[in-house]
Amino acid sequence: MNDSPLKVAVILGSTRDGRLGPVVSNWITGLLDQRGDMEADLIDLIETPLPTVFPVLGEPPASQEARDLLAAVSPRMAAADAFVIVTPEYNHSFPAALKNAIDWHGPEWHAKPVAFVSYGAFSAGLRAVEQLRLVLAELHAVTIRDGVGFQRVWEQFDGEGRTVDPAVEPAAKVMLDRLAWWAHALREAKSFRPYAA
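I will try to describe carefully the structure that is included in this document. (Residues numbered from 1 in each chain as written. Predicted model: local features only at pLDDT ≥ 70, side-chain atom pairs only at ≥ 80, totals over all residues. Heavy atoms only, no water.)

### A short note on the pattern of salt bridges
Note on pairing: side chains with opposite charge can pair once their charged atoms come close.
Step number 1: In this structure the tally under the stated criterion is 13 salt bridges.
Step number 2: One salt-bridge network, held together by shared partners, links Arg 35, Asp 37, Lys 173 and Asp 177. (Salt bridge = Lys/Arg side-chain N within 4 Å of Asp/Glu carboxyl O.)

Laid out in structure tokens, this is it:
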């Protein structure tokens, strides 16, 4: 049995100017860093943008620039045992940059668990999460039922980046505990029987 800490890629999906995403992603990354069983790797899609022009299906990217952009993200996703996606809701869905990052990768998602931290105005980003579940099922990922959603996100953190609602951190702990269970179970299963998509 592999008892080494789980590698968790935290994907920050917003690339909008003035975004609140870094506050949310720093908060969940901080909680991951407090755990002895998980190691966080924050993938910010502004700091590590991906190409938006895809090659012919089944072929590698044609340009060196595209290969370089992918090289900054793809190995980190491949190394991850699990994912936490931090996403806002745009027009009842999730950001285009996040869909782009998902679509560039296939095996990196296979048989890995994904948890969600969403945010927005009144919906708390939950409609974005429901659509992400459909997309990730196609990529053979396992989405975690429990998540965290911030309604009126601009009111949910203090000046130090701490949540103001005392119920949020216990909910995040449940989510991360479930993520850890699935990540250990799937990592162990794949060590005995490789996953074939």
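### Examining the nonpolar core
Step number 1: With 28 residues, the main nonpolar core has Trp 27, Ile 28, Val 84, Val 86, Val 117, Phe 150 and Leu 179 as its most contacted residues.
Step number 2: What Phe 150 contacts, discounting residues up to four positions off in sequence, is Val 24, Trp 27, Val 117, Ser 118, Tyr 119, Gly 120, Ala 124, Gln 156, Phe 157, Thr 163 and Val 168.
Step number 3: If you look at the next biggest cluster of nonpolar residues, it comprises 25 residues, including Leu 45, Ala 80, Leu 98 and Trp 104. (Core = buried A, V, L, I, M, F, W, Y, C linked by side-chain atoms within 4.5 Å. Buried < 20%, exposed > 50% of the residue type's maximum accessible area, 1.4 Å probe, protein only. Contact = heavy atoms within 4.5 Å.)

### Things to note about the side chain of His 110
Step number 1: In this structure, His 110 sits in the loop between helix H4 (96–103) and strand S4 (113–119).
Step number 2: Residue classification places His 110 among the buried residues on the basis of a relative accessible area of 18%.
Step number 3: Polar side-chain contacts of His 110 include one of 3.4 Å to the backbone oxygen of Gly 106.
Step number 4: Residue contacts for His 110: discarding those within four places in its chain leaves Leu 139, His 140, Lys 190, Tyr 195 and Ala 197. (Helix = DSSP H or I, 4+ residues; strand = E, 2+ residues; numbered from the N terminus. Polar contact = N/O pair within 3.5 Å; in protein donor to acceptor, adjacent residues only side chain to side chain.)

### Structural notes on the pairing of strand S3 (residues 82–88)
Step number 1: Within S3, seven of the seven residues are buried, which leaves it mostly tucked inside the rest of the structure.
Step number 2: Alternating residues of S3 divide into Ala 82, Val 84, Val 86 and Pro 88 and Phe 83, Ile 85 and Thr 87, and every residue in both groups is buried.
Step number 3: Sheet topology note: the S3/S4 ladder contains six bridges and is parallel. Counted as the bridge partner of Ile 85 is Phe 116 from S4. (Pairing = 2+ DSSP bridges.)

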